[in-house]
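# Close look at the chain arrangement
Residues per chain are reported as follows:
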Amino acid sequence: MILEKITCSDMREYNVVGDIIDLGKRWPQSEFAIQAHPTKFSAHMPRYDWFWTLANECTVNDVNLAMHINADWRTMMCQGKIPEEVNNFLEIKRYNGKPVIGRVQINLNGGDQNYHCYSKRVADIINAYPDIEFIFQYAPRQHNRIRPLNATGAPFSLLYDSSCGRGIISKKYRGPIMQNHKTGYSGGLGPDNIAQELEKINLVLPYNYITWIDAEEQLRNPKTGQFDIERAAQYIHTAHSWYYGHRRSH
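Just so you know, these numbers come straight off a predicted model, no measurement behind them.

### A few points about the pattern of salt bridges
When the charged atoms of two side chains with opposite charge come close together, those side chains can pair. With the rule as written, the count across this model stands at 11 salt bridges. In this structure, the salt-bridge partner of Arg220 is Glu216, at a minimum N-O distance of 3.1 Å. The residue Arg220 makes a salt bridge to Glu217 at a minimum N-O spacing of 2.6 Å. One salt-bridge network, held together by shared partners, links Glu4, Glu31, Arg103, Glu133 and Lys182.

Spelled out as structure tokens, the structure:
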């Protein structure tokens, strides 16, 4: 497999922007994702303002940023509407003209599941941002939302998490979910287990299959419950070391 990105999720306003920049520049495969929903990320809330500073720093620094969309904003985007706060970030460009936000993940799992996903409207959003990769959480219960979107022909990727966002390690990983749609992996990953879990993921993927991994819960400081830059650095370093060691041995 080809490990394209090593994603660290849920950094927040108590983290130092410079620490994220430094870590991202040191490890080009790393990616940093903000969790966005209206109760914590509406305009000029602390998390919004903090991420605005980070995003603008990345106009001149090559650090990979992503947005993970949750709760009411998830539902809005499934109806074909982009929240203004989200769109504000999607419009920020780097010095080379590329968007600062390289990937947007729609978290289908969690919260109220009584919502509709209008595939053609979602496809219109995807097609309106050809330079941004859109990702959808995948679990078996979401198949009936993903299947019609696949039929539109719009490009997107899938994040497989058997625990549906609960941060539990998969007992068994499955291979690529849909043809022509890249599959990534999440669920309980962190610095203490990432090497052994990459071994398992590698077994279900073709040699040159492009994938990524995403960690959140296990990157938090056990005492404070906050995103810990040192744990994130350890996770990235361990995943990076496993990957390049594995590629060299083959």
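### Section: the layout of surface pockets
Looking at the second largest pocket, its volume works out to about 190 Å³. In this structure, the second largest pocket is lined by 15 residues; those nearest its centre are Asn64, Arg94, Pro99, Val100 and Gly102. Looking at the lining of the second largest pocket, the elements with two or more residues in it are β1 (2-9), β3 (64-69) and β4 (101-106).

### Notes on the packing of aromatic side chains
Within this structure, the stated rule accounts for 13 aromatic pairs. The interplanar angle of 10° and the centroid separation of 6.1 Å between the aromatic rings of Tyr48 and Trp52 together place this pair among those described as stacked. With Tyr48 and Trp52 both in helix α3 (residues 46-57) and 4 residues apart, this pair spans about one turn of that helix. For the pair Tyr243 and Tyr244, a centre-to-centre distance of 4.9 Å together with 75° between the ring planes defines the contact as edge-to-face. Tyr243 sits in the buried class, given a relative accessible area of 5%. Here Tyr244 falls in the partly exposed class, since its relative accessible area comes to 33%. Among the aromatic side chains, those forming a connected cluster through ring pairs are Phe41, Tyr48, Phe51, Trp52, Trp73 and Phe89. Residue placement shows Arg103 over the ring face of Trp212; its charged tip is 4.6 Å from the ring centre.

### Quick notes on the environment of Gly184
Among the structural elements, Gly184 can be located in strand β7 (residues 183-186). Along the chain, Gly184 and Ala239 lie 55 residues apart, while their C-alpha atoms are 14 Å from each other.

### Side note on empty space enclosed by the protein
Counted according to the given criterion, the structure contains 1 cavity of 30 Å³ or more. Of the voids in this model, the largest cavity is the one considered here, and its volume is about 40 Å³. When contributions to the lining of the largest cavity are tallied by element, the ones reaching two or more residues are α4 (71-78), α6 (119-128) and β5 (133-138). For the lining of the largest cavity, the element with the most residues is α6, which contributes 3 residues. For the lining of the largest cavity, the per-class residue count stands at 8 nonpolar, no polar and no charged.

Cut-off values and rules
- What you see as residue numbers is a count from 1 along each chain, following the sequence as written.
- A pLDDT threshold of at least 70 governs which residues receive local features in this predicted model, and a stricter bar of 80 or more applies before side-chain atom pairs are shown or counted, although totals over entire chains, interfaces and linings include all residues.
- To obtain the side-chain values, all non-hydrogen atoms of the structure were used and water was disregarded.
- A side-chain nitrogen of Lys or Arg and a carboxyl oxygen of Asp or Glu constitute a salt bridge if their distance falls within 4 Å.
- A pocket here means an open set of points on a 1 Å grid, computed over the protein atoms alone, that has protein on both sides within 12 Å along at least five of seven lines. A cavity is instead a set of points where a 1.4 Å probe fits but cannot get out; residues with an atom within 4 Å of a point line either one.
- Grid points are joined across faces, edges and corners, and a volume is the space filled by probe spheres set on the points.
- Secondary structure elements follow DSSP: runs of H or I of four or more residues count as helices, runs of E of two or more count as strands, with numbering from the N terminus.
- Any pair of Phe, Tyr and Trp rings, taking the six-membered ring for Trp, is counted once the centres come within 6.5 Å. Such a pair is stacked with planes under 30 degrees apart, edge-to-face with planes over 60 apart, and tilted for the rest.
- Whether a residue is buried, partly exposed or exposed follows from its accessible area with a 1.4 Å probe, protein chains only, as a fraction of its type maximum: under 20%, in between, or over 50%, in that order.
- Put simply, a charge is over a ring when the Lys NZ or the Arg CZ is close to the ring centre, within 6 Å, and near the line of the ring normal, within 35 degrees.
- Any residue that is not Ala, Val, Leu, Ile, Met, Phe, Trp, Tyr, Cys, Pro, Asp, Glu, Lys or Arg is counted as polar, Gly included; the first ten are nonpolar and the last four charged.

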